[in-house]
Amino acid sequence: MRVFVADHPLITHKLTVLRDVHTPQPTFRALIEELMTLLAYEATREVRVEPREIVTPVAPTTGVCLSHPLPLIVPILRAGLGMLEGMVKLVPTAEVGFLGMVRDEETLEPTTYAERLPEDLSGRQCFVLDPMLATGGSLAAAIQFLFDRGADDVTAICVLGTPEGVEALRAAAGDRKVTLVLGALDEGLNEHAYIVPGLGDAGDRLYGTAG
């Protein structure tokens, strides 16, 4: 598994505002979207393309376009939805699927409660969106779900991660083609399996505590 941790002053600046407990919900949402676009730029460095012949106002030339099947973006509900708009702004022709996962707060084990994905993902590059890589259980389960459907190349994009989560994901990935892109690698987990220093519950800060 390849791991890329973003090292850019704009990303660090936006993360600082995100972490602040006093940052209001509308600002938090906007910053998540902005951060996602920056991270997506790094995550798509190896997106598959094919040659395309075009004619400019001056002369014919060869460029590239996204290969088919098109990339599939998969936000993990519900917090991953906050990252979706930033990703599709960069890759507007990509297709979007959804995967709903929830973590049992006692066992910390993830379960899938909803999915809207093609039955056959053979030959697809998939980009999984989840703001927080804490224990790594939910993201590992999501990636396994995609490989079980036939995906052969999965990139996970997270705002924050922990060493524990990275190692858990690495173990789950095995020798499959998995890339992890992080906005920052934090210190670790506390006794409740929350990221430290982290930014709190990303879903609650994006959408409130309803439901």
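Bear in mind the structure is a predicted one, so any value in this text is a computation, not a measurement.

> Got a minute to help me understand the overall build of the chain in this structure?
The helix and strand inventory of the chain stands at six helices and 13 strands. For 211 residues, the compact-globule estimate of 2.2 N^0.38 gives 17 Å, and the chain sits close to it at 17 Å. Judged by the C-alpha coordinates and their principal axes, the chain covers about 60 × 35 × 30 Å. In the chain, which comprises 211 residues, the share counted as buried stands at 45%. Once local pairs closer than 6 in sequence are excluded, the contacts in the chain between residues at least 24 apart make up 70%.

> Would you mind showing me how to read the side chain of Ser67 here?
Along the chain, the position of Ser67 falls in the loop between β3 (60-66) and β4 (72-77). At a separation of 3.4 Å, a polar atom in the side chain of Ser67 contacts the main-chain amide nitrogen of Glu50. Filtering out sequence-adjacent residues up to four positions away, Ser67 remains in contact with Arg48, Val49 and Glu50.

> Could you clarify how one ought to interpret the side chain of Thr162 in this entry?
Looking at where Thr162 falls in the secondary structure, it is placed in the loop between β10 (153-161) and α5 (163-173). Judged by relative accessible area, Thr162 falls into the buried class, the value being 0%. A polar contact of 2.8 Å, which involves the side chain of Thr162, links it to the backbone oxygen of Ala134. Reaching out from Thr162, the side chain makes a polar contact with the backbone nitrogen of Gly165 at a distance of 2.9 Å. Leave out the neighbours within four places in its chain, and Thr162 touches Leu133, Ala134, Leu185, Asp186, Gly188, Leu189 and Ile195.

> Could you clarify how one ought to interpret α5 in this entry?
One full turn of an α-helix is made of 3.6 residues, so residues set three or four places apart face in the same direction. Residues Gly165, Val166, Leu169 and Ala173 constitute the buried set of α5. Seen along its axis, α5 keeps its buried residues to an arc of 100°; they face one direction. Where α5 is buried, its residues contact β1 (2-5), β9 (132-133), α4 (137-148) and β11 (178-185).

> Would you mind going over the packing of helix α1 (residues 9-19) against helix α2 (residues 25-43) with me for this structure?
Think of two packed helices as two axes; the pair is described by the angle between the axes and how far apart they sit. Between α1 and α2, the least distance of the axes is 10 Å, while the angle of their chain directions is 155°. Considering their axes alone, α1 and α2 lie roughly antiparallel with respect to each other. Considering the relative orientation of α1 and α2, their crossing is left-handed. Note on element contacts: α2 touches α1 through Phe28, Leu31, Ile32, Glu34, Leu35, Leu38 and Leu39, opposite Ile11, Lys14, Leu15, Val17 and Leu18. Looking at the contact of α1 with α2 residue by residue, the classes come out as ten nonpolar, no polar and two charged.

> Before we go on, may I ask you to explain the nonpolar core in this structure?
Note that soluble globular proteins tend to have their nonpolar side chains buried in a common cluster. Ranked by internal contacts, the top residues of the largest apolar core, which has 35 residues, are Leu15, Leu18, Met87, Leu129, Ile157 and Val159. Listed by contribution, the elements that provide at least two residues to this core are α1, α2, α3 (81-90), β8 (125-129), β10, β11 and α6 (202-207). In contact with Met87, not counting residues within four places along its chain, are Met36, Ala40, Thr44, Ile73, Phe127, Leu129 and Ile157.

Definitions and cut-offs
- Counting restarts for each chain, with residues numbered from 1 along the sequence as it is written.
- Totals for whole chains, interfaces and linings use all residues, but because this is a predicted model, local features are given only for residues with pLDDT of at least 70 and pairs of side-chain atoms are given and counted only at 80 or more.
- Computation of side-chain values covers all heavy atoms of the structure but excludes hydrogens and water.
- Put simply, DSSP marks the helices as runs of H or I at least four residues long and the strands as runs of E at least two long, and each gets a number from the N terminus on.
- With the radius of gyration taken over C-alpha atoms, the globule rule is written as 2.2 Å times the number of residues to the power 0.38.
- Per-residue accessibility, obtained with a 1.4 Å probe over protein chains only, is compared with the maximum for each type, and a residue is labelled buried under 20%, exposed over 50%, and partly exposed between these values.
- It only takes one pair of heavy atoms within 4.5 Å for two residues to be counted as in contact.
- Two N or O atoms count as a polar contact when they lie within 3.5 Å, although within protein this holds only if one can serve as hydrogen donor and the other as acceptor, and sequence-adjacent residues are included solely when both atoms are side-chain atoms.
- The arc in question is the one spanned by the directions pointing from the helix axis to the C-beta atoms.
- The convention used is that axes are lines fitted to C-alpha atoms, helices contributing only their stretch in contact, and that angles between N-to-C directions extend from 0 to 180 degrees.
- The cut-offs work like this: below 35 degrees is roughly parallel, past 145 is roughly antiparallel, 65 to 115 is roughly perpendicular, and the gaps in between are oblique.
- In this scheme the crossing of two helices becomes right-handed for a clockwise turn of the near helix relative to the far one and left-handed for an anticlockwise turn of less than a right angle.
- Following the grouping adopted for this structure description, the nonpolar residues are Ala, Val, Leu, Ile, Met, Phe, Trp, Tyr, Cys and Pro, the charged ones are Asp, Glu, Lys and Arg, and the polar ones are all others, Gly among them.
- To qualify as a nonpolar core, a set must consist of buried Ala, Val, Leu, Ile, Met, Phe, Trp, Tyr and Cys residues joined through side-chain atoms within 4.5 Å.

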